[in-house]
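Structural characterization, general
The primary structure of each chain is shown beneath.
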Amino acid sequence: MNTSLRRLLLTVIGAPAAALAVWALAVPLAGATLTVRAGGGTQTVGPVSVIVASLVAGLAGWALLAVLERRAARPGRVWTIIALVVLVLSLSGPLGSAVGLAATLVLMLLHLVVGAVLVAGLARR
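Only a predicted model underlies this, so the values are computations on that prediction, with no experimental measurement involved. (Residues numbered from 1 in each chain as written. Predicted model: local features only at pLDDT ≥ 70, side-chain atom pairs only at ≥ 80, totals over all residues. Heavy atoms only, no water.)

Re the overall build of the protein
- Per the secondary structure count, the protein includes five helices and two strands.
- In terms of its C-alpha atoms, the protein occupies a principal-axis envelope of roughly 45 × 25 × 20 Å.
- Expressed as a percentage of its 125 residues, the buried residues of the protein come to 35%.
- Counted over contacts in the protein with a minimum sequence separation of 6, partners at least 24 positions apart contribute 70%.
- Working note: accessible area of the protein is about 7,100 Å², and carbon and sulfur atoms make up 71% of it. (Helix = DSSP H or I, 4+ residues; strand = E, 2+ residues; numbered from the N terminus. Buried < 20%, exposed > 50% of the residue type's maximum accessible area, 1.4 Å probe, protein only. Contact = heavy atoms within 4.5 Å. Areas by Shrake-Rupley, 256 points an atom, 1.4 Å probe, with all protein chains shown as cover.)

Examining the packing of helix α3 (residues 75-90) against helix α5 (residues 101-122)
- In the contact formed by α3 and α5, the axes pass within 10 Å of each other and the chain directions differ by 175°. Relative to α5, the element α3 lies roughly antiparallel. Here Trp79, Thr80, Ala83, Leu84, Leu87 and Ser90 of α3 come into contact with α5, specifically with His111, Leu112, Gly115, Leu118, Val119 and Leu122.
- Counted by class, the contact of α3 with α5 contains eight nonpolar, four polar and no charged residues. (Axes fitted to C-alpha atoms, helices over the stretch in contact; angles between N-to-C directions. Parallel < 35°, antiparallel > 145°, perpendicular 65-115°, else oblique. Nonpolar A, V, L, I, M, F, W, Y, C, P; charged D, E, K, R; others polar.)

Quick look at the nonpolar core
- Leu34, Trp79, Leu107 and Leu110 are the most contacted members of the largest nonpolar core, which has 28 residues in total.
- Those elements that provide at least two residues to this core are α1 (3-29), α2 (47-71), α3 and α5.
- Non-local contacts of Trp79, meaning those with residues more than four positions away in its chain, are made with Gly61, Leu64, Leu65, Leu68, Leu118, Val119, Leu122 and Ala123. (Core = buried A, V, L, I, M, F, W, Y, C linked by side-chain atoms within 4.5 Å.)

A short note on a nonpolar patch on the surface
- On the surface, Met1, Leu5, Leu9 and Ile13 cluster together into a nonpolar patch covering about 380 Å² of accessible area.
- Mapped onto the elements of the fold, Leu9 is located in helix α1. (Patch = residues over 30% accessible without salt bridge, like charges linked within 9 Å, V, L, I, M, F, W, Y side chains within 5 Å. Salt bridge = Lys/Arg side-chain N within 4 Å of Asp/Glu carboxyl O.)

Notes on the layout of surface pockets
- Within this model, the largest pocket holds a volume of roughly 590 Å³.
- As for the largest pocket, its lining consists of 27 residues, of which Ala53, Ala57, Ser90, His111 and Val114 are closest to the centre.
- Of all elements in the fold, only α2, α3, α4 (92-97) and α5 reach the threshold of two or more residues within the lining of the largest pocket.
- Examining the composition of the lining of the largest pocket, we find that eight residues originate from one element, α2, more than from any other.
- Considered class by class, the residues forming the lining of the largest pocket number 19 nonpolar, eight polar and no charged. (1 Å grid on protein atoms, 1.4 Å probe; cavity = no way out; pocket = protein on both sides within 12 Å on 5 of 7 lines; lining within 4 Å. Points joined across faces, edges and corners; volume = space filled by probe spheres on them.)

Regarding the UniProt feature "transmembrane region" (unreviewed entry) in the protein
- UniProt's entry tags residues 48-66, 78-95 and 101-123 with the feature "transmembrane region" (unreviewed entry), counted in the numbering of this structure.
- When the span residues 78-95 is considered, its composition is 94% helix and 0% strand, and the gap between its end C-alpha atoms is 27 Å.
- End-to-end, the C-alpha atoms of residues 101-123 are 32 Å apart, and along that stretch the chain is 96% helix and 0% strand. (UniProt positions renumbered as here; feature names shortened; annotations may be inferred.)

Here it is as structure tokens:
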């Protein structure tokens, strides 16, 4: 396996690992409750949701980067700009649906951690 592919795989796996670490510190250790409004009720954000969401984000970012590498003149720069815009927009989720200040802050931190890992790991290809 070449170095570039290894780094991409580690990045896509590292994002869920980092998010799960934040979740573990915030929920079981600190006692925060991550609840969001969903539909007509509420839903608790558990470790599986954290892993799946961050893994999907990582795979989507990798796929976009692969497309841009074939079609864009400066794929790394274009990808980074798109990724940062998506990250900023993703923060509206916790701001609009989290129940309570602690849940809002932890969910925003989860978004920022996943975004930081993905931007740092995928943009330098």
